Amino acid sequence: VSFTYFAVLNVVTAVFCQSAIESAQNDHSTKCQAILADKEMHIEKIKDLFQEIDEERTGIITYQTFQRKMNSPEVRTYFETLDLDVWDAWSFFKLLDLDEGGSVEIEEFLMGCLRLRGSARSMDVAKLMYDQAWLIKNQGQFWAFVEERLRMLLKEVSSSNAKCSDVADVAYRQLL
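The structure reproduced in this document is the subject of the present report. Note that the structure is predicted; figures quoted are calculated from it, not measured.

Thresholds, definitions, all that
- Residues numbered from 1 in each chain as written.
- Predicted model: local features only at pLDDT ≥ 70, side-chain atom pairs only at ≥ 80, totals over all residues.
- Heavy atoms only, no water.
- Helix = DSSP H or I, 4+ residues; strand = E, 2+ residues; numbered from the N terminus.
- Buried < 20%, exposed > 50% of the residue type's maximum accessible area, 1.4 Å probe, protein only.
- Areas by Shrake-Rupley, 256 points an atom, 1.4 Å probe, with all protein chains shown as cover.
- Patch = residues over 30% accessible without salt bridge, like charges linked within 9 Å, V, L, I, M, F, W, Y side chains within 5 Å.
- Salt bridge = Lys/Arg side-chain N within 4 Å of Asp/Glu carboxyl O.
- Phe/Tyr/Trp six-rings, centres within 6.5 Å; stacked < 30°, edge-to-face > 60°.
- Lys, Arg positive; Asp, Glu negative; His and termini not counted.
- Charge placed at Lys NZ, Arg CZ, Asp CG, Glu CD.
- Axes fitted to C-alpha atoms, helices over the stretch in contact; angles between N-to-C directions.
- Parallel < 35°, antiparallel > 145°, perpendicular 65-115°, else oblique.
- Contact = heavy atoms within 4.5 Å.
- Nonpolar A, V, L, I, M, F, W, Y, C, P; charged D, E, K, R; others polar.
- Arc of directions from axis to C-beta.

### Quick look at the overall build of the chain
Thought 1: A count of helical and extended segments in the chain gives 6 helices and 2 strands.
Thought 2: Sequence-ordered secondary structure for the chain, helices as α and strands as β, is α-β-α-α-α-β-α-α.
Thought 3: Taken over 176 residues, the chain has a buried fraction of 20%.
Thought 4: Taken as a whole, the chain presents about 12900 Å² of accessible surface, with 61% of it coming from carbon and sulfur.

So this is what it looks like as structure tokens:
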């Protein structure tokens, strides 16, 4: 009797586990489909937003156009529906303009908006990364410039000291 009882319990447990595994797999695939559908919906919204900002229909957005459109409540609301907190237009535009060309094309806009949507922390981190890379690049150039100028100054000072020493020697000999 005990053996039969344990056998039935094992069968019930196996059925339960199998159904839980299948349910988890279905949940995963359903979640993946929902994520893809959500992403496609966001891509369409972002394309619509790009068209709204690109009033001249050139396929690019300049900073001036972006700044002007950011003052519009409709555009700000559109960004909010995309879960993008754009509190600083210049910083956001720089984060979108990856090639630093001064304008943003549709692909840059799409990829940037998808990358930056979410909590404000992701935008802050992206801005910090951009600022840090810019500082490192420019600091390196600045210090290379300073080192070169210091070398040139050292040569001139050494040359001037040598000339002064020569003049002093000539003056000393003339006095004797």
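### A closer look at a nonpolar patch on the surface
Thought 1: Together, Tyr-5, Phe-6 and Leu-9 line one region of the surface with nonpolar side chains, adding up to about 340 Å² of accessible area.
Thought 2: Along the polypeptide, Phe-6 turns up in helix 1 (residues 2-53).
Thought 3: Residue Phe-6 is classed as exposed on the basis of its relative accessible area of 51%.

### Some remarks on the packing of aromatic side chains
Two aromatic rings are characterised by how far apart their centres lie and by the angle between their planes.
Thought 1: Summed over all chains, the structure comprises 8 aromatic pairs.
Thought 2: Between the aromatic rings of Phe-142 and Trp-143, the centroid separation amounts to 5.1 Å while the plane-to-plane angle is 70°, which identifies the pairing as edge-to-face.
Thought 3: Owing to a relative accessible area of 47%, Trp-143 belongs among the partly exposed residues under this scheme.

### Regarding a negative patch on the surface
Thought 1: A cluster of acidic residues, Glu-80, Asp-83, Asp-85 and Asp-124, forms a negative patch on the protein surface.
Thought 2: Tracing the backbone through its elements, the reader meets Asp-124 in helix 6 (residues 120-175).

### So, the packing of helix 2 (residues 63-70) against helix 3 (residues 73-81)
Thought 1: Close contact between helix 2 and helix 3 brings their axes to 7 Å; oriented N to C, the two are set at 90°. With respect to their mutual orientation, helix 2 and helix 3 come out roughly perpendicular. Touching Phe-66, Lys-69 and Met-70 of helix 2 are Val-75, Arg-76 and Phe-79, all from helix 3.
Thought 2: Counted by class, the contact of helix 2 with helix 3 contains 4 nonpolar, no polar and 2 charged residues.

### Looking at helix 2
Thought 1: Buried within helix 2 we find Thr-65, Phe-66, Lys-69 and Met-70. Considered in projection along helix 2, the buried side chains sweep an arc of 130° and stay on one side of the axis.

### As for the pattern of salt bridges
Thought 1: Scanning all chains against the criterion turns up 6 salt bridges.
Thought 2: Across the pair Lys-69 and Glu-52 runs a salt bridge whose closest N-O atoms are separated by 3.7 Å. Of this pair, Lys-69 sits in helix 2 while Glu-52 is found in helix 1, placing the two residues 17 residues apart along the sequence.
Thought 3: Judged by its relative accessible area of 15%, Lys-69 is buried.
Thought 4: Salt-bridge contacts for Arg-151 lead to Glu-148; the nearest nitrogen and oxygen are separated by 3.3 Å. Of this pair, Arg-151 and Glu-148 both sit in helix 6, 3 residues apart, which is roughly one turn of that helix.
Thought 5: Residue Glu-148 is classed as partly exposed on the basis of its relative accessible area of 39%.
Thought 6: Look at the salt bridges and you will find they share partners, linking Glu-52, Glu-55, Arg-68 and Lys-69 into a network.

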